Amino acid sequence: MVMTDKLLQQALTFAGALGRFQGLIAFIRQNPDAYSHERLLEELFKVDDEEQAKIDALEAKFKALEEQE
């Protein structure tokens, strides 16, 4: 895999994660009573877990491709 492709995929993955966090924070700022503190933490942890899984999958893909070369 070309290094540029790898960096682009990583950048898009991280940008997607950041966008989800920013979207959740923007929603909370506009609707401060929408979530209890416990529910907000649950949502943040859920988004973190989902995005970390995407990052882990991308890293595994890169590792598998490197092993094939």
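Up top is the structure these notes are about.
Reading the values: the criteria
- Residue positions are given per chain, counted from 1 along the sequence in the order it is written.
- Restriction of local features to residues with pLDDT of at least 70 applies here, the model being predicted, together with a cutoff of 80 or more for giving and counting side-chain atom pairs; totals for whole chains, interfaces and linings are based on all residues.
- Heavy atoms from the whole structure form the basis of all side-chain values; hydrogens and water molecules are not counted.
- Helix and strand labels come from DSSP, where a helix needs a run of H or I of at least four residues and a strand needs a run of E of at least two; each type is numbered from the N terminus.
- One fewer than the residue count of a helix, multiplied by 1.5 Å, yields its expected span.
- Contacts: residue pairs with any heavy atoms within 4.5 Å of one another.
- Definitions used for this entry: grid spacing 1 Å over protein atoms alone; cavity, a set of points where a 1.4 Å probe fits but cannot get out; pocket, an open set with protein on both sides within 12 Å along at least 5 of 7 lines; lining residue, one with an atom within 4 Å of a point.
- Grid points are joined across faces, edges and corners, and a volume is the space filled by probe spheres set on the points.

Attention now moves to helix 1 (residues 3-30). Taking 1.5 Å as the rise per residue, helix 1 with 28 residues should run 40 Å; its terminal C-alpha atoms sit 40 Å apart, in good agreement. In the core, the buried residues of helix 1 are packed alongside helix 2 (37-68).

On inspection of all chains with the given rule, the structure shows one cavity of 30 Å³ or more. Reported here for the largest cavity is a volume of approximately 40 Å³. Residue lining of the largest cavity: Gln10, Thr13, Phe14, Ile55, Leu58 and Glu59, and that is the complete set. Listed by contribution, the elements that provide at least two residues to the lining of the largest cavity are helix 1 and helix 2.

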